[in-house]
Each structure stands twice: as structure tokens, then as C-alpha cells.
Amino acid sequence: MGFLKKLFGGGEPKKYVDKQGVYFYVECANCGARVRVRADKQHDLQNSEGGGYEWHKTIVDSRCFRRIQTVVQLDANYQMTSHEISGGRFLTEDEYLAAEAAAAAAKTRAEAAEVGETE
Ligand SMILES: [Zn+2]
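Source: prediction; values computed, not measured.

Looking now at the sheet that holds strand 4 (residues 53–60). The sheet built from four strands is open, its strands ordered 3-4-5-6 with antiparallel pairing. Edge positions in the open sheet fall to strand 3 (45–47) and strand 6 (80–86), since each of these has one partner strand only. Each strand axis lies, on average, 20° off the axis of its neighbour in the sheet, ignoring direction. One ladder, built from three bridges, connects strand 3 with strand 4; its direction is antiparallel. Directly across from Gln-46, in strand 4, lies its bridge partner Glu-54.

Rendered as C-alpha cells:
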């Protein structure tokens, strides 16, 4: 049983490490929607001069569907060294997570308010 579980990697998706992916966090300038975008190291990144990588992407958020165009330069360790973006801005992972947590907390408060508790 333990063997099968291990074989299929069942039950613990949080321990999965995505070695093939690089993640970017973008906020739409039009509606403020935040998007987490995965770039596949093998398929999405192009080699650039100097041993780094380049990533060209058109991102579409799920709220206003406006196109966010970006070109990102990465070093050999897949760290962003520079970027151009139109229609949005980059967030750090920390900013993204903090904003998502704040949005979730606000939603919880709104739902709690709907249930009752008028002052
Ligand atoms: Zn948007």
C-alpha cells in the first residue's frame, strides 16, 4: 500500500516540486486581476546570448481578458534579470501571495457580513 502510494505519488501534492517550470506573477493594469503564469523551461524559454534565457508571453487574465505582453530576460539560474511588460506589472511571489491572502480575507469578511451582524 505504501509502495503504491509512493509509486503514484498519491495524497501529497504539496510536496511536488516543479523542476520544469518557472513561475511568474503578474497583475493586470486594467482590472487588477493577478495571474500566476508557468513557463516551461524546455518549451517556453529561448536561449539568449550570454547563457541566459528569454521568455516571450502574452498573458490574458481571467477577469477582463485584456492582453498583457511581456518579454523577460532570465539568467542561467532562471532568475529574472530584466523585463518589459505592457498592460500589467510584475509582482514578486511574496507580493502575489500577500495580495491573494488579503483578497481571501476580505472575501471571508464579506461573507460573514452577509450572514448577519449588522451594526
Ligand atoms: Zn484584467
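Judged by pairing direction, the sheet is antiparallel, and its three strands sit side by side in the order 2-1-7 without closing on themselves. In this open sheet, the two edge strands, each paired with only one partner strand, are strand 2 (34–40) and strand 7 (88–91). Averaged over neighbouring strand pairs, the angle between their axes works out to 35° when direction is ignored. Note: strand 1 (residues 21–28) against strand 2, seven bridges, orientation antiparallel. Bridge assignment links Glu-27 to a residue of strand 2, and that residue is Arg-34. Against the sheet, helix 2 (residues 93–115) engages strand 1, strand 2 and strand 7, with an angle of about 140° to strand 2.

The next thing to look at is unusual backbone geometry. Of note in the backbone geometry, Phe-65 takes a positive phi value of approximately 60° without being a glycine. Secondary-structure assignment places Phe-65 in the loop between strand 4 and strand 5 (67–74).

Reading the values: rules and limits
- Residues numbered from 1 in each chain as written.
- Predicted model: local features only at pLDDT ≥ 70, side-chain atom pairs only at ≥ 80, totals over all residues.
- Pairing = 2+ DSSP bridges.
- Helix = DSSP H or I, 4+ residues; strand = E, 2+ residues; numbered from the N terminus.
- Axes fitted to C-alpha atoms, helices over the stretch in contact; angles between N-to-C directions.
- Contact = placed C-beta atoms within 7 Å.

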